[in-house]
Amino acid sequence: MKKMKLLFSPLLLVVKVIVRVQERNFVLQNEIDNLKSICKEIPGALASFVGYVRDFSNGTKISSLTIEHYPGMTEKMLVDISKNASKKWPLLGTLIIHRYGKLNINDQIVLAAAASLHRKAAFEATEYMMDYLKTSAPFWKSEKVNKDNIWVKAKLDDEFAKNRWK
Amino acid sequence: MKILYFSWLKEKVGNNLEEIRKPEEVHNIMDLIEFLKDISNKHQEAFKHLKSIKVAVNKNFADFDTLINEEDEIAFFPPVTGG
């Protein structure tokens, strides 16, 4: 009997999910190569997003950033976000790496990536994962301004960005 | 029950973890907040603006009317700011 190949049924595709919350830095190319290598089929498209530490926040110069997280819940939320992305788009694999601890200006903070057969799903899923990460993953940033550490306030814009996927 | 605090809530309370026996009158998160506010002025101050406080029960987002048990892990924190 001829095997039927259903390319666009997300439920039938085996989606690889990688989530890591770590202090150490990451190398974008290595992470992308790794995600690509574990996909069940060759992804024709892989989109990625990297977030960096800015030197200005609301017009104020900052010298460093410290990120706190809730161990256990953070990973759980990131896996949930990844799985939800896989339900919305026909993905082959997803990747989220988020750092914590003290970071300097220009340092990499976060990497989100999605692999798919076609670019639209990869682009949209990456954006979706970032929008949900921003509002649902328990991380808190504290910015060093002069000698003070100031907790960053959540932005309403991030909430709006998430709601457009509903 | 285990109570965790993060970000500025941890600083205001002066602790990141408190372990208490659930008082009989505490049934949901809001009851717990009322109980905690009576512990110290620091707690009172930390829970002053409930609009800027989120809560999780056993690592899942919850509401102020979520029911809680002795063995639960409750976490209080401000809206998240990662990414």
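Please refer to the structure placed before this passage.
Residues numbered from 1 in each chain as written. Chains lettered and ligands numbered in written order. Predicted model: local features only at pLDDT ≥ 70, side-chain atom pairs only at ≥ 80, totals over all residues. Heavy atoms only, no water.

**Some details on the overall build of chain A**
Spelled out, the test is: Labels follow the DSSP assignment, with helices taken as runs of H or I lasting at least four residues and strands as runs of E lasting at least two, numbered in each case from the N terminus. When accessible area is computed with a 1.4 Å probe and restricted to protein chains, residues below 20% of their type maximum are described as buried, those above 50% as exposed, and intermediate ones as partly exposed. By definition, residues are in contact when any of their heavy atoms lie within 4.5 Å. All accessible-area figures derive from a Shrake-Rupley calculation using a 1.4 Å probe, and residue coverage is judged against the displayed protein chains alone. Positive charges come from Lys and Arg, negative ones from Asp and Glu, while His and the chain ends are left out of the count. To locate a charge, the coordinates of NZ of Lys, CZ of Arg, CG of Asp or CD of Glu are taken.
Across its full length, chain A carries four helices and 10 strands. The order of helices and strands in chain A, counted from the N terminus, is β-α-β-β-β-β-α-β-β-β-α-β-β-α. Seen through its principal axes, chain A has C-alpha atoms that stretch 70 × 35 × 30 Å. Counting only residues that meet the buried cut, chain A has 46% of its 166 residues in that class. For chain A, the proportion of contacts with a sequence separation of at least 24, taken over those separated by at least 6, is 77%. Summing over all exposed atoms, chain A offers an accessible surface of approximately 9300 Å²; the carbon and sulfur share of this is 54%. For chain A, the distance from the average position of its 27 positive side-chain charges to the average position of its 17 negative side-chain charges is 6 Å.

**Remarks on the sheet that holds strand S1 (residues 2-5) of chain B**
Strand-to-strand pairing in sheets goes through backbone hydrogen bonds, with the strands running parallel or antiparallel. Residues and elements named next belong to chain B. Counted only if it meets this: Any two strands with at least two DSSP-identified bridges between them are counted as paired. Angles here are taken between N-to-C directions and fall from 0 to 180 degrees, while the axes themselves are lines fitted to C-alpha atoms, restricted in helices to the stretch in contact.
A sheet is described by the order of its strands in space; here five strands give the open sequence S2-S1-S5-S3-S4, paired in mixed fashion. The open sheet has two free edges, formed respectively by strand S2 (17-19) and strand S4 (60-62), since each of these has just one partner strand. Averaged over neighbouring strand pairs, the angle between their axes works out to 25° when direction is ignored.

**Some points on the interface of chain A and chain B**
Operational definition: Summed over both partners, the accessible area lost on bringing two parts together, with a 1.4 Å probe, is the buried area. Think of a salt bridge as a Lys or Arg side-chain nitrogen and an Asp or Glu carboxyl oxygen that are within 4 Å of each other.
Taken together, the 25 residues of chain A in the interface contact 19 residues of chain B. When the two sides are added together, the surface that chain A and chain B hide from each other amounts to roughly 1800 Å², 62% of it contributed by carbon and sulfur. Considering only the surface of chain A that becomes buried against chain B, Tyr70, Trp140 and Trp151 of chain A emerge as the three largest contributors, covering 37% of it. Taken together, chain A and chain B are joined by one salt bridge.

**Observations regarding the layout of surface pockets**
In plain terms, the rule: Here a cavity means grid points, on a 1 Å grid over the protein atoms only, where a 1.4 Å probe fits yet cannot get out; a pocket means an open set of points with protein on both sides within 12 Å along at least five of seven lines; lining residues are those with an atom within 4 Å of a point. Grid points are joined across faces, edges and corners, and a volume is the space filled by probe spheres set on the points. Classification convention: Asp, Glu, Lys, Arg as charged; Ala, Val, Leu, Ile, Met, Phe, Trp, Tyr, Cys, Pro as nonpolar; all other residues, Gly among them, as polar.
Looking at the largest pocket, its volume works out to about 890 Å³. Taken together, 36 residues make up the lining of the largest pocket; nearest its centre are Val152, Lys153, Lys155 and Asp158 of chain A together with Thr81 of chain B. At the level of elements, strand S2 (45-52), strand S3 (56-57), helix H3 (119-136), strand S9 (139-145), strand S10 (148-151) and helix H4 (156-163) of chain A are the ones that each hand at least two residues to the lining of the largest pocket. For the lining of the largest pocket, the per-class residue count stands at 17 nonpolar, nine polar and 10 charged.

**Considering the packing of helix H2 (residues 73-88) of chain A against H3 of chain A**
All names here are of chain A. Heads up, the rule is: With the far helix as reference, a near helix turned anticlockwise by less than a right angle produces a left-handed crossing, and one turned clockwise produces a right-handed crossing.
Their axes nearest at 10 Å, the elements H2 and H3 cross at an angle of 150°. Two packed elements cross with a definite hand, and for H2 against H3 that hand is right-handed. Contacts from Met77, Leu78, Ile81, Ser82, Asn84, Ala85 and Lys88 in H2 reach Ala125, Tyr128, Met129, Tyr132, Leu133 and Ser136 in H3. Class assignment of the residues belonging to the contact of H2 with H3 gives a composition of nine nonpolar, three polar and one charged.

Scope: geometric values only; no functional claims are made or implied.
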